[in-house]
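# Structural description and commentary
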Amino acid sequence: MIESNRGHLLPVYVLADESGSMYDHIDDLNDGLRSLHQALLGEPMAAAKVRFSVLGFSDDVIERVHLVDLRGAGEFPRLATRNMTSYATAFEDLITRIPGDIQGLKAEGYQVHRPAVFFFSDGLPNRGEDWRDAHRRLTDRQLTLGAPNIIACGIVDADAEIINEVATQPEFGFIVNKGVDVGDAIAKFCTALTRSIIASGRSLGSANPQLTVDKPEGFTVAIDVI
């Protein structure tokens, strides 16, 4: 018999650009995610309320980490660069993935909160692809079970207007400030992500649970720089 209430969970997805242009920066992102994992081990009460996935996207999507309980996770598989930057493929993947994940967690007896997707890219989507339609369907709560909140973060050649479109709220889109070192910016993104996960996880036990999103140091809200 399935246990009826195993507590509340927040599914968190890091959707990371693995296109070829990330070659010089992918080690920094891997290091940042490793630091996130270590930090969450020191916050077991918050980590217990999160299930964490890492997805790398290029022309396809590769699942690097699947809904792990960070308290018991081993070392993360590393992100690796390849090919182009298909935003459409990334969003299409989530349209299928997220409802399946939610149904699986509910079948295990958990109460599941609306997922958070942390989208990270250093460039523009493939020219000519209709990524906006996939994004619209993904974020439409009438069409997609668990239509997520998307926090979008852009570095290097990412376009502020596009990053703002990807984010589901204006305050969820961030673009790196000019002149900020890329490696440092990635570290700050991962630090902000860690703080957001800890604060959001803690809030799940409160009377008013909410997604907490910290602006990374060295970034500007994307809508402010369009």
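Refer to the structure presented above.
Below is a summary of the structure that appears in this document. All of these numbers come straight from a predicted model, not from anything done at the bench. (Residues numbered from 1 in each chain as written. Predicted model: local features only at pLDDT ≥ 70, side-chain atom pairs only at ≥ 80, totals over all residues. Heavy atoms only, no water.)

## Digging into helix α4 (residues 131-139)
- Along α4, the positions that sit buried rather than exposed are W131, A134, H135 and L138. Angular distribution of buried residues about the axis of α4 spans 100°; they occupy a single face of the element.
- Buried residues along α4 sit against α3 (87-107), β6 (149-154) and α5 (160-166). (Buried < 20%, exposed > 50% of the residue type's maximum accessible area, 1.4 Å probe, protein only. Helix = DSSP H or I, 4+ residues; strand = E, 2+ residues; numbered from the N terminus. Arc of directions from axis to C-beta. Contact = heavy atoms within 4.5 Å.)

## Looking at empty space enclosed by the protein
- In this structure the tally under the stated criterion is 1 cavity of 30 Å³ or more.
- Reported here for the largest cavity is a volume of approximately 60 Å³.
- Lining the largest cavity are F118, I151, C153, F174, F189, A192, L193, S196, V213, D214 and P216.
- Within the residue set of the lining of the largest cavity, elements represented by two or more residues are β6 and α6 (182-203). (1 Å grid on protein atoms, 1.4 Å probe; cavity = no way out; pocket = protein on both sides within 12 Å on 5 of 7 lines; lining within 4 Å. Points joined across faces, edges and corners; volume = space filled by probe spheres on them.)

## Considerations on the packing of helix α1 (residues 26-41) against α6
- Running from N to C, α1 and α6 cross one another at 30°; their axes reach a closest spacing of 9 Å. With respect to their mutual orientation, α1 and α6 come out roughly parallel. For the pair α1 and α6, the sense of crossing is right-handed. Between α1 and α6, the contacting residues are D28, L29, G32, L33, L36, A39 and L40 on the first element and G183, I186, F189, C190, L193, T194, I197 and I198 on the second.
- Looking at the contact of α1 with α6 residue by residue, the class counts come to 11 nonpolar, 3 polar and 1 charged. (Axes fitted to C-alpha atoms, helices over the stretch in contact; angles between N-to-C directions. Parallel < 35°, antiparallel > 145°, perpendicular 65-115°, else oblique. Left-handed = near helix turned anticlockwise from the far one by under 90°. Nonpolar A, V, L, I, M, F, W, Y, C, P; charged D, E, K, R; others polar.)

## Comments concerning the side chain of R51
- Along the chain, R51 falls in strand β2 (residues 50-57).
- A distance of 3.3 Å separates a polar side-chain atom of R51 from the backbone oxygen of A48.
- Leaving out residues up to four positions away in the same chain, R51 has contacts with L9, L10, P11, V12, L67, V68, D69, L105 and Y110. (Polar contact = N/O pair within 3.5 Å; in protein donor to acceptor, adjacent residues only side chain to side chain.)

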